[in-house]
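# Report on the structure
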Amino acid sequence: MTHGEISPCTWFRNWGLTGELLGSKTLPPKNLLHPSLHLRIHFLEDPSGPDDKATTELQGLAALDAGGGGARASAPPRPRSGTRPGSACASLHVTLLLGEHGGGHRRGVNTDSGSICREASFEGISKFNVNNTILHPEIVECRVFKTDMELEVLRYTNRISSEAHREVMKAVKVGMKEYEMESLFEHYCYSRGGMRHSSYTCICGSGENSAVLHYGHAGAPNDRTIQDGDMCLFDMGGEYYCFSSDITCSFPANGKFTADQKAIYEAVLRSCRAVMSAMKPGVWWPDLHRLADRIHLEELIRIGILSGSIDAMSQAHLGAVFMPHGLGHFLGIDVHDVGGYPEGVERIDEPGLRNLRTTRHLEPGMVLTVEPGIYFIDHLLDEALADPACACFFNREVLQRFRGFGGVRIEEDVVVTASGMELLTCVPRTVEEIEACMAGSDKAFTPFSGPK
């Protein structure tokens, strides 16, 4: 990701405090700090001052990363000249609270990435009372449930990123390189939205590359030439003040869907909208993954690739052959944000479901991606065809027609509300809307609206 590492000690230094956390310095004003977390800092006043003790409670620092590579925070702005909300002090006493609950979880672990948060370490830390079992899980939960101000930033990241995706749809042409679309997306986000960084490395897969789930990395740097007849799968999101967006659009390179492309695309669109319609507090996330799988199997039967009982296919975990990833993930300061598996929430060890980044029940204020997909991945298809429990459902002749197709993914960013969901993403989604956009039309389209 694009955030720079920053330790708690460095964070204090950035506000003008010395490495020993001593001396007469200026503290950041409250309104420049994150509202989700309280830090209590005690000052022992200079004996010559009017008071011998004072306590200041600051809100902030929820941007501390709950995951890999150490604590992180967005670079805090300096106080304006003349602003002195703090007080002169001869010594500063801070209780550093880091780490993770005990029990079955390792201390300071990011349950999404598996990385361990590096504890604060600086000269003189032995003089402080350090509790490394409390704050980490509390910060994690702060990040799971978004404040109104955080939601406003996420709406902004989605609006600008959605506009950038529409510009890419209009610009893409057969013969271009995939990285040209990556460049256009990032240029739009920065020039029009002030979003200097992307939330993650852009995935600009065309043709068979659209079936590579995390294509676009250094070993496959979006460098294929886009061909006539390709499906494009562009997974890109801009970042603003450390808050992410994560949007995937799938469309034909030449601007017109073939019958097969339309069939697969509308199968995924149906599952995506069914999931969003079913989202509300109390719903268990794995059940929504199973819903998407079931709809995919129904549609693949209709297309003729599969035949047989959907219940039997589900028992054979056939859905995971076509969607070998989880339905979605938390979104926030990290694109794969923390909090998916707090203590007491366990993974499900089944194909497809084991890849879920959370198995929590939905609650208001959670922000998640909804990103079902259907992919034709040769080695997964070959394994299924070699397994009698799965092979019996395939129509091999029809399946052969889709070898080399690549994949389709539709990814939306969604907020769970008190009675449903709010869709943050705003891009053309129906076949008709996509074809009109790619033809250069600025005609208004109607974003999907599920239960609010």
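All of the points below concern the structure found in this document. All of these numbers come straight from a predicted model, not from anything done at the bench.

Before going further, it helps to spend a moment on the overall build of the protein chain. What the protein chain contains, in helices and strands, is 12 helices and 15 strands. Counting only residues that meet the buried cut, the protein chain has 53% of its 452 residues in that class. A fraction of 74% describes how many contacts in the protein chain between residues 6 or more apart in sequence connect residues 24 or more apart. When the accessible area of the protein chain is evaluated, it comes to approximately 19400 Å², of which 50% is carbon and sulfur surface.

Time to look at empty space enclosed by the protein. Overall, the coordinates contain two cavities of 30 Å³ or more when judged by the stated rule. Reported here for the second largest cavity is a volume of approximately 60 Å³. Lining of the second largest cavity is provided by Arg273, Glu412, Leu423, Thr425, Cys426, Val427, Arg429, Glu433, Phe445, Thr446, Pro447 and Phe448. For the lining of the second largest cavity, the residue count by class is six nonpolar, two polar and four charged.

By the definition in use, this model includes 22 salt bridges. Where Glu152 meets Arg155, a salt bridge forms, and the shortest distance between an N and an O atom there is 2.5 Å. Of the two residues, Glu152 and Arg155 are both situated in helix 3 (residues 148–171); the distance of three residues between them amounts to about one turn of the helix. Classification of Glu152 by relative accessible area gives partly exposed; the value is 49%. Using a relative accessible area of 27% as the deciding quantity, one classes Arg155 as partly exposed. In this structure, the salt-bridge partner of Glu371 is Arg409, at a minimum N-O distance of 3.9 Å. Of this pair, Glu371 sits in the loop between strand 11 (367–370) and strand 12 (373–375) while Arg409 sits in strand 13 (residues 407–409), placing them 38 residues apart in sequence. When sorted by exposure, Glu371 lands in the same class as Arg409, which is buried. Counted as one network, the salt bridges with shared partners bring together Arg270, Glu298, Glu299 and Arg302.

For the rest of this paragraph, the subject is the pairing of strand 10 (residues 247–252). Within strand 10, six of the six residues are buried, leaving the element largely enclosed by the surrounding structure. In strand 10, alternate side chains face the same way, and those of Ile247, Cys249 and Phe251 on one face and Thr248, Ser250 and Pro252 on the other are all buried. Bridge count for strand 8 (residues 231–236) against strand 10 is six bridges, and the pairing is antiparallel. Considered in strand 10, the bridge of Met236 is made with Ile247.

Here we have three strands laid out as an open sheet, ordered 7-8-10, and antiparallel in their pairing. At either margin of the open sheet sits one strand with a lone partner, and together these are strand 7 (203–206) and strand 10. Between one strand axis and the next, the sheet turns through 10° on average, direction left out of account.

Right, let's get into the side chain of Ser161. Tracing the backbone through its elements, the reader meets Ser161 in helix 3. Within polar-contact distance, the side chain of Ser161 engages the backbone oxygen of Thr157 at 2.8 Å. Separated by 2.9 Å, the side chain of Ser161 and the backbone nitrogen of Gly238 make a polar contact. Dropping the residues within four chain positions of it, Ser161 is found in contact with Phe185, Cys189, Met195, Gly237, Gly238, Ser245 and Ile247.

Applying the stated rule across the entire model yields zero disulfides. Summary of cysteine pairing: Cys189 is not part of a disulfide, and the nearest cysteine sulfur, belonging to Cys202, is at 7.9 Å. Assessed through its relative accessible area of 2%, Cys189 is described here as buried.

We now examine the packing of helix 3 against helix 4 (residues 178–193). Viewed as axis vectors pointing N to C, helix 3 and helix 4 meet at an angle of 140°, and their least axial separation amounts to 9 Å. Taken as axis vectors, helix 3 and helix 4 run oblique relative to one another. Of the two possible hands of crossing, helix 3 and helix 4 adopt the one that is right-handed. Between helix 3, through Tyr156, Ile160, Ser161, Glu163, Ala164, His165, Glu167, Val168 and Ala171, and helix 4, the contact on the second element is made entirely by Met181, Leu184, Phe185, Tyr188, Cys189, Arg192 and Gly193. Residues of the contact of helix 3 with helix 4, tallied by class, amount to 10 nonpolar, three polar and three charged.

Scoring rules and cut-offs
- Residues numbered from 1 in each chain as written.
- Predicted model: local features only at pLDDT ≥ 70, side-chain atom pairs only at ≥ 80, totals over all residues.
- Heavy atoms only, no water.
- Helix = DSSP H or I, 4+ residues; strand = E, 2+ residues; numbered from the N terminus.
- Buried < 20%, exposed > 50% of the residue type's maximum accessible area, 1.4 Å probe, protein only.
- Contact = heavy atoms within 4.5 Å.
- Areas by Shrake-Rupley, 256 points an atom, 1.4 Å probe, with all protein chains shown as cover.
- 1 Å grid on protein atoms, 1.4 Å probe; cavity = no way out; pocket = protein on both sides within 12 Å on 5 of 7 lines; lining within 4 Å.
- Points joined across faces, edges and corners; volume = space filled by probe spheres on them.
- Nonpolar A, V, L, I, M, F, W, Y, C, P; charged D, E, K, R; others polar.
- Salt bridge = Lys/Arg side-chain N within 4 Å of Asp/Glu carboxyl O.
- Pairing = 2+ DSSP bridges.
- Axes fitted to C-alpha atoms, helices over the stretch in contact; angles between N-to-C directions.
- Polar contact = N/O pair within 3.5 Å; in protein donor to acceptor, adjacent residues only side chain to side chain.
- Disulfide = S-S within 2.5 Å.
- Parallel < 35°, antiparallel > 145°, perpendicular 65-115°, else oblique.
- Left-handed = near helix turned anticlockwise from the far one by under 90°.

Just distances and angles here, no functional claims.
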